[in-house]
Amino acid sequence: MDILAYDYVLQGLIDFNQKADKNYGNVVVSLPPSDPTFPLTVFAEIRNTANPLYNATHEKVASVGYRADIFAKTKGKVDKQTIAREIAVIVDEYLTNIGLTRISFNLEELVNDASIVRIILTYSGN
């Protein structure tokens, strides 16, 4: 189990997001801020355990899981779902390129007036 893996993946996602053309000002963080601006991606490690199938004396492999929560509001003429989906493409491109597999993609409306959309992406890998 590599405790530092999350830090490397998070920093790589932050860098990749900043270089992306259509990120709409998206900020990638590890913890949600108390006064968020949108769009916002909260990236969290949800699993990091030793994988018993690959647990040998000299080499151990971790089974990891990550979740990216993407929050977006409408900006000008670009609707919130378009923004969230385009950011999801950026996040997905980076995480799949480093060898993770997307497990789920869920979209939901938040807040009573549905002013915020949320996409939840989960990933798994060894």
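Refer to the structure presented above.
Residues numbered from 1 in each chain as written. Predicted model: local features only at pLDDT ≥ 70, side-chain atom pairs only at ≥ 80, totals over all residues. Heavy atoms only, no water.

Okay, the side chain of D92 next. By secondary structure assignment, the location of D92 is in helix 2 (residues 80-97). Owing to a relative accessible area of 17%, D92 belongs among the buried residues under this scheme. (Helix = DSSP H or I, 4+ residues; strand = E, 2+ residues; numbered from the N terminus. Buried < 20%, exposed > 50% of the residue type's maximum accessible area, 1.4 Å probe, protein only.)

The next point concerns the pairing of strand 5 (residues 116-125). Counting buried positions along strand 5 gives eight out of ten residues, so the element sits mostly inside the fold. Pairing analysis gives nine bridges linking strand 3 (residues 62-72) to strand 5, with the strands arranged antiparallel. Paired with D69 across the two strands is I120, which belongs to strand 5. Bridging between strand 4 (residues 101-110) and strand 5 involves nine bridges; their strand directions are antiparallel. (Pairing = 2+ DSSP bridges.)

Pairing is mixed in the open sheet, where five strands are placed in the order 1-2-3-5-4. Each of the sheet's edge strands pairs with one partner strand only, and the pair in question is strand 1 (27-29) and strand 4. Direction aside, neighbouring strands of the sheet carry axes that sit 20 degrees apart on average. With respect to the sheet, helix 2 is in contact with strand 2 (40-50), strand 3, strand 4 and strand 5, its orientation differing from that of strand 5 by roughly 15 degrees. (Axes fitted to C-alpha atoms, helices over the stretch in contact; angles between N-to-C directions. Contact = heavy atoms within 4.5 Å.)

With 15 residues, helix 1 (residues 5-19) should cover 21 Å at 1.5 Å per step; its first-to-last C-alpha distance of 21 Å lies within 8% of that length. Residues of helix 1 that are buried: A5, Y6, V9, L10, G12, L13, I14 and N17. Close packing links the buried residues of helix 1 with strand 1, strand 2, strand 3 and helix 2. (Expected span 1.5 Å × (residues − 1).)

In this section: unusual backbone geometry. The peptide bond linking F38 to P39 adopts the cis configuration, its omega dihedral lying at 5 degrees. Considering the arrangement of structural elements, one finds P39 in the loop between strand 1 and strand 2. Of note, the phi angle at Y24 is positive, near 55 degrees, even though the residue is not glycine. Relative to the assigned elements, Y24 resides in the loop between helix 1 and strand 1.

A few words now on the packing of helix 1 against helix 2. For the pair helix 1 and helix 2, interaxial distance at closest approach is 10 Å and the crossing angle is 135 degrees. In terms of their interaxial angle, helix 1 and helix 2 are classed as oblique. In this structure, the crossing between helix 1 and helix 2 has a hand that is right-handed. Contact residues: helix 1 offers Y8, V9, G12, L13, F16 and N17, while helix 2 offers I90, V91, E93, Y94 and L95. Partitioned by chemical class, the residues of the contact of helix 1 with helix 2 number eight nonpolar, two polar and one charged. (Parallel < 35°, antiparallel > 145°, perpendicular 65-115°, else oblique. Left-handed = near helix turned anticlockwise from the far one by under 90°. Nonpolar A, V, L, I, M, F, W, Y, C, P; charged D, E, K, R; others polar.)

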